[in-house]
Amino acid sequence: MAMFQRILIANRGEIAVRILRTAREMGIESVAVYSDFDRRALHARLADRAVALGGALPSESYLDMKKILAAAKRTGAEAIHPGYGFLAENAAFARAVEDAGLAWVGPPPAAIETMGDKITSRRSMQAADVPVVPGIVDPIENAAAAEVEAAKVGYPIALKAAAGGGGKGIRIVRSKKEMEGAFRTASGEAKSAFGDGRIYLERYLDRPRHIEIQVMFDRHGNGVHFGERECSVQRRHQKLIEESPSPVVDEALRAAMGRVALEAARAVGYVGAGTVEFLYTAASGKPEFFFLEMNTRLQVEHPVTEMVTGIDLVREQLRVAAGEELGYGQDDIRFHGHAIEVRVNAEDPTNGFLPSTGTIQNLRWPGGPWVRVDSGVYRGMEVGLNYDPMLAKLICWAPDRMGAIERMRRTLAELNIGGVRTGTPAALAVLESEAFRSGDFDTHLLESMDVGSVRGDEVQAAAIAAVLHRWSSAQRRALAHRGDRAGWLERGRAELGGQRERSAGEVGR
Amino acid sequence: MAMFQRILIANRGEIAVRILRTAREMGIESVAVYSDFDRRALHARLADRAVALGGALPSESYLDMKKILAAAKRTGAEAIHPGYGFLAENAAFARAVEDAGLAWVGPPPAAIETMGDKITSRRSMQAADVPVVPGIVDPIENAAAAEVEAAKVGYPIALKAAAGGGGKGIRIVRSKKEMEGAFRTASGEAKSAFGDGRIYLERYLDRPRHIEIQVMFDRHGNGVHFGERECSVQRRHQKLIEESPSPVVDEALRAAMGRVALEAARAVGYVGAGTVEFLYTAASGKPEFFFLEMNTRLQVEHPVTEMVTGIDLVREQLRVAAGEELGYGQDDIRFHGHAIEVRVNAEDPTNGFLPSTGTIQNLRWPGGPWVRVDSGVYRGMEVGLNYDPMLAKLICWAPDRMGAIERMRRTLAELNIGGVRTGTPAALAVLESEAFRSGDFDTHLLESMDVGSVRGDEVQAAAIAAVLHRWSSAQRRALAHRGDRAGWLERGRAELGGQRERSAGEVGR
Amino acid sequence: MKYFVTVDGSTHEVELEERLGELHVRFAGEDVDVGFDEVDRLGQIALFLADKSYGVSIEGDARNAFVTVAGHVYRVEVEDERERAAHAAQRKGGGRGGDVKSVMPGVVVDLLVQEGDEVEEGQSLLILEAMKMQNEITAAQAGRVKRVHVTQGQAVGSGARLIHIEARPEA
Amino acid sequence: MKYFVTVDGSTHEVELEERLGELHVRFAGEDVDVGFDEVDRLGQIALFLADKSYGVSIEGDARNAFVTVAGHVYRVEVEDERERAAHAAQRKGGGRGGDVKSVMPGVVVDLLVQEGDEVEEGQSLLILEAMKMQNEITAAQAGRVKRVHVTQGQAVGSGARLIHIEARPEA
């Protein structure tokens, strides 16, 4: 099977831009699709071709399988890359893509199904001897039933959506009295996000770390892992900072986790890029890790793996989807230095990370040595509520962890996204915290921190800047007013002058 | 000697920004200096402190030693980093810095002097058994004398400024009749650029490549090289594209050139970062390389070396200037993958690369995997004639040369600097040329190419965009006109309505 | 000209004075050596206080602005003396309300109380969905639900009134 | 409405027509399916021709613009029919001159000829310094120097007339 000539990217924002970049480097034409809301979007402007889907809601655009398949047909795309989110983990869509005679840049639909349902995935992992978190495998009817099961497993308990992903439909329950509210919101969120309100429960580990392994399989049975990502810096169960390697993973542990991750993927006949998420704890005195879930797609945080391995994961996805062999083994994969990613979300860290909306008027990106900006943001962009609040990702590489932390601090100081609030002050607070710098932290780090602090000299600068800006705008308006009058007089004179010159010319003839 | 708390950067534009980035990562405060023209410049805004030098001309600002030393004193800076250009290779300034009790981030003044004068440097290299290009070591009086000497060495001849650097004051003379004009402009340019009109001549090699070695020495006698940079893609003797490694340098040649470069630097007691430039030719059937000159400063193209070694050269400069030992040897330096840099100059490649001026209204930077942007450009910036036309540098890394070339093509396609013309279409033409891709090229490549070609579908797009933009601006003006009137009526009504509401409220009381 | 500038809740006095064609700035009564240049007409600003450098951007209008300094966004209100006096009078006139307001734009997906209900502090009042997350909105104080301003399925803006709670009379 | 659009020297016809509230575009007589959206009011544009996508920026005014497409900058002149007719008349009226013009802004650092000199094709006329480079300006044709428009040390803009050369009468 030859490499594709043209692929369609069924996504938007930074990940659509990310994918089309690699496609262009491979000489593959990319077809973007875009909703009405996104008709000025960067992914549409940077792609080779762009097809309007119409609509503003996700269900009318990026989630509309028929429209996307029609766009692929119309433009002659040979493959569809779903990115993450939207249809990326939708087995029915994967099947429809294959039924339409197109290549699906992702794992087989059956693998998506098995891993996409938390309950069946836990069952199949137990069968493959992959360690899973203690808990109840079957879905739970209601809050009352959950209270009964929780009593057996022991509090704290994690309620999770069977169809979950991206932190949605998860609630931590520390005691019986929190169960009813938590069950209701978890189930409601699950229903709204995934169309499936089923909830299961498992033991919520003490001081857990979230560590995940990136795997890649070709269609010929070859599979490798690209090491781990440390993703413990989260709030509302959504990751804010990711890094590779993890400060607690040494070579032996990496090999062990990698082996288990490859087994987990093999158990479902995996093909393509995937991530096996583990909960890690050393609370018992020795390191333990448990299978949490497998994400059957490219992850948001894949760049940190790219930076330490030198391997373009989207390129590998496309090669595998086109039927190529990996062409390298586990021993060929080398790790260099340390990479950190910060997600830039439109949210207000001083107000519980609630979403922030607005129009991006000013935009100054960081740059310079070993700074990577993955973004779908542009000046003039409206940030609304229809889509995910993630605007961009900043990725820094350095030879060692401290170097990467200092580089990211510098990078965040250069970033200026004016018009919406972003979560970067919280990321900065984490990077400056003793717990993060020492490497001794868990998934509770961010929620335990005070990220609302202000800096005295910056307050002074902000106050003076605002006053001078007001003053200078007023001056300019006053000048423009006078200028209009002066300009009018000037134009009048110029016209008169012009006529006189022409007359003189005629006299001279 | 402890690491500096604060340094002054005696430069502007991208290199000033580049240096302050590393300083910030090392916890060192940076002091920027800026001319009147640069009072909105990015380097001033991103630094911790900024001191106005006044003036618009370089001689009134970035070349004014007294003002710069006063700024260092006033802000308590402990060291001065000169960047490249301006005072970077001015031994008198280096001495003045040291006399003021500050650390000079550069080599000893004597090394600058010896290497800065092409004539003394050739002499000292000959004494150290470093191979130099055949030619005349002594300065030449006038065009007539040059004609006599040229006849002995044989045409083609290169006329070069004794005090030269950055491609200024160089002229190639292919026959006797070109000598007079070439001598006059070379000497005039040398006088204007360096205050020293002395000219020498050497044989101009056939199909030469320009390959240079990056070296770094500490104050304790330790020195290493960081491999080579291939800089043969030039026009008007100024580099446009640089890469590392060079397609013609293998491990053995790298070791040989590195050894010679270290000898050359040792011969003048070198300390800090420096570059030994060689002319390389295989015209005789076997590879030969000749010492051309040594640049006693950081080079514009240093990032490609950083990308393949993982080493921050500015950090090493600051460590060495603070008296630290390198702490590693030649064997610790590893090379990974391939890096390419493209300089983005304000110039018109369709018009002989003549300077282009204007105001940068639109600015869209490339990004994504393994793309580095080193820039001092911002939206709203005026590009004038007072300073160097280099606006920014784009650097791409990939595991292999073809990957880096494709990544750079993609990167250039994403760049949009509206308001001035830039040389990037020429860079794109080079990257797409068979000669460059095969690696079989020399310093004449760019001048032999037609870079003025246009793309049919882009012409159509440009024409339609311009018409629609005109049409839409006219529509907007028409609407605004109507809107003003409508808005005025609306405001009138709202005020009436407001009054009515207030009246009703009063009645209700 | 004297201005009262409120940055994220705390108020500072900034005075501007033009003397001999130069602008002088005082912050909290102290002279500050200020350099101020607009990079473009869209809010990018080069600001120098003494020698310290700040790359700042401003969004908003003359009175209410968001100022971004080194990645931190500050909400800034600027009032001159006349405006401050007017606002003070306004504030004095208004009464304290028991409104629960929306802190973000979203959609009310579930209403858990109705008018007349007695609620406890911390009790869930409604579920607001924003950016695909469901957020429980709880009562900040115990009391009786006097008014429900929204209906299920309604989209609300940031700051919209959702529910009015009447505090229990002192026992 | 018909426009004549000159892109880097070659002229193309573009027609706009509003039918039933929709804008239709014809390029060189062929219908083109166009999507056009202004990203901001500063010249960033999302342009789609059929399904092909172009991230474009425009600087300049209604008649003379620089259009950037994928890193290439095109100089574009737009004329409507009335303007084209007016310009054509103007061009017809003017005579051909032998002016040597400056192709860039710079400073005349050396004048090598004076009025009345006979010059050969390719002969150096003056040295123009721009961006720290010295550039030899040469005669494009043989002839006699009729006028020297500049003096040594003078700063000149792009397109400024430098020297007028009168062609030799046919032998």
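Please read all numbers here as calculations on a predicted model, not as lab measurements. (Residues numbered from 1 in each chain as written. Chains lettered and ligands numbered in written order. Predicted model: local features only at pLDDT ≥ 70, side-chain atom pairs only at ≥ 80, totals over all residues. Heavy atoms only, no water.)

A word on empty space enclosed by the protein. Any empty space left between the atoms is revealed when a probe the size of a water molecule rolls over them. A complete count under the given rule lists 10 cavities of 30 Å³ or more for this structure. As a volume, the largest cavity reaches approximately 740 Å³. What lines the largest cavity is a set of 40 residues, and nearest its centre among them are Leu363(A), Trp365(A), Leu363(B), Arg364(B) and Trp365(B). Of all the secondary-structure elements, those providing two or more residues to the lining of the largest cavity are helix H2 (42-46), strand S19 (362-364) and strand S20 (371-375) of chain A together with helix H2 (42-46), strand S18 (362-364) and strand S19 (371-375) of chain B. Considering every element that reaches the lining of the largest cavity, the biggest residue donor is S19(B), with four residues. When grouped by side-chain class, the residues that make up the lining of the largest cavity number 20 nonpolar, seven polar and 13 charged. (1 Å grid on protein atoms, 1.4 Å probe; cavity = no way out; pocket = protein on both sides within 12 Å on 5 of 7 lines; lining within 4 Å. Points joined across faces, edges and corners; volume = space filled by probe spheres on them. Helix = DSSP H or I, 4+ residues; strand = E, 2+ residues; numbered from the N terminus. Nonpolar A, V, L, I, M, F, W, Y, C, P; charged D, E, K, R; others polar.)

Moving on: the pairing of strand S3 (residues 22-27) of chain D. Taken residue by residue, a regular strand's side chains alternate between the two faces of the sheet. Residue and element names in this part refer to chain D. Inspection of the sheet shows strand S2 (residues 10-19) paired to S3 by six bridges, in the antiparallel sense. Paired with Val-14 across the bridge in S3 is Phe-27. Across three bridges, S3 lies against strand S4 (residues 30-32) in antiparallel orientation. The partner of Arg-26 across the bridge, within S4, is Asp-31. The turn joining S3 and S4, which pair antiparallel and follow one another in sequence, is formed by two residues; a positive phi near 50° is taken by Ala-28. (Pairing = 2+ DSSP bridges.)

The next thing to look at is the interface of chain A and chain C. With 57 residues of chain A at the contact, the number on the chain C side is 61 residues. Between chain A and chain C, a total of about 5,200 Å² is buried, with carbon and sulfur atoms accounting for 62% of that surface. The largest contributions to the chain A side of the interface with chain C come from Arg421(A), Val467(A) and Arg470(A), which together make up 13% of the buried area. Counting the contacts that link chain A with chain C gives five salt bridges. Between Arg421(A) and Asp8(C) there is a salt bridge whose closest N-O contact spans 3.5 Å. Within the residue set of the side of chain A that touches chain C, elements represented by two or more residues are strand S8 (168-173), helix H8 (179-194), strand S17 (354-355), S19, helix H12 (401-414), strand S23 (416-418), helix H13 (424-431) and helix H15 (456-508) of chain A. The class makeup of the residues in the side of chain A that touches chain C is 25 nonpolar, 18 polar and 14 charged. (Contact = heavy atoms within 4.5 Å. Buried area = accessible area lost by both parts, 1.4 Å probe. Salt bridge = Lys/Arg side-chain N within 4 Å of Asp/Glu carboxyl O.)

It is worth spelling out the packing of aromatic side chains at this point. A full pass over the atoms with the stated rule returns 20 aromatic pairs over all chains. Pairing Tyr34(B) with Phe48(C) gives two aromatic rings, centres 5.0 Å apart and planes at 20°, and the pair type is stacked. Here Tyr34(B) is found in strand S2 (residues 29-34), whereas its partner Phe48(C) is found in strand S6 (residues 44-49) on a different chain. Take Tyr34(B) and Phe48(C): they sit in the same class, and that class is buried. Here Phe436(B) and Phe441(B) contribute two aromatic rings whose centre-to-centre distance is 5.1 Å and whose plane-to-plane angle is 40°, an arrangement assigned as tilted. Of the two residues, Phe436(B) and Phe441(B), both sit in the buried class. A network of ring pairs unites the aromatic residues Phe37(A), Tyr62(A), Phe86(A) and Tyr387(A) as a single cluster. For the cation-ring pair, Arg235(A) lies above Phe353(A), with the distance from its terminal atom to the ring centre recorded as 5.2 Å. (Phe/Tyr/Trp six-rings, centres within 6.5 Å; stacked < 30°, edge-to-face > 60°. Buried < 20%, exposed > 50% of the residue type's maximum accessible area, 1.4 Å probe, protein only. Lys NZ or Arg CZ within 6 Å of the ring centre and 35° of its normal.)

Here the focus is the confidence of the model for chain C. Low pLDDT marks regions whose predicted coordinates should not be analysed in detail. Residues and elements named next belong to chain C. Averaged over all residues, the pLDDT of chain C is 83; the fraction at 70 or higher stands at 90%. In this model, residues 93-97 is a region of pLDDT below 50 whose contacts with residues beyond four sequence positions or in other chains number one contact. Across the interfaces of the predicted complex, the ipTM metric reaches 0.81, alongside a pTM of 0.85. (pLDDT = per-residue confidence, 0-100.)

Once that is clear, we can look at the state of the cysteines. Residues and elements named next belong to chain A. This model, assessed by the stated rule, comprises zero disulfides over all chains. Cysteine Cys-231 is unpaired, with the sulfur of Cys-396 as its nearest cysteine sulfur at 16 Å. On the basis of relative accessible area, Cys-231 is assigned to the buried category, the value being 0%. (Disulfide = S-S within 2.5 Å.)

On to H13(A). Judged by how many residues are buried, H13(A) sits mostly within the fold: eight of eight residues are covered. Where H13(A) is concerned, the buried positions are Thr424(A), Pro425(A), Ala426(A), Ala427(A), Leu428(A), Ala429(A), Val430(A) and Leu431(A). On its buried face, H13(A) is in contact with strand S11 (223-235), strand S12 (238-244), strand S15 (338-345), H12 and helix H14 (434-438) of chain A together with strand S9 (72-80) of chain C.

We note that the domain assignment places domain 1 (2-80) and domain 2 (93-167) within chain C. For domain 1 of chain C and domain 2 of chain C, the distance between their C-alpha centres works out to 37 Å. (Domains from an automatic or database assignment.)

Before going further, it helps to spend a moment on the nonpolar core. In terms of nonpolar packing, the biggest core is built from 105 residues, with Leu8(B), Ile80(B) and Ile241(B) touching the most fellow members. The residues contacting Ile241(B), other than those within four sequence positions of it, are Glu230(B), Cys231(B), Val233(B), Ile340(B), Glu341(B), Val342(B), Ala427(B), Val430(B), Leu431(B) and Phe436(B). (Core = buried A, V, L, I, M, F, W, Y, C linked by side-chain atoms within 4.5 Å.)

Glancing now at unusual backbone geometry. A cis amide bond links Tyr155(A) with the next residue in sequence, Pro156(A), at an omega value of -5°. Note that Pro156(A) resides in the loop between helix H7 (143-153) and strand S7 (157-165). For Asp129(B), which is not glycine, the phi dihedral falls at a positive 65°. For Asp129(B), the position within the fold is in the loop between helix H6 (118-127) and helix H7 (143-153). What makes Asp129(B) exposed here is its relative accessible area of 69%. One non-glycine residue, Asp8(C), lies in positive phi territory at about 45°. By secondary structure assignment, the location of Asp8(C) is in the loop between strand S1 (2-7) and strand S2 (10-19).

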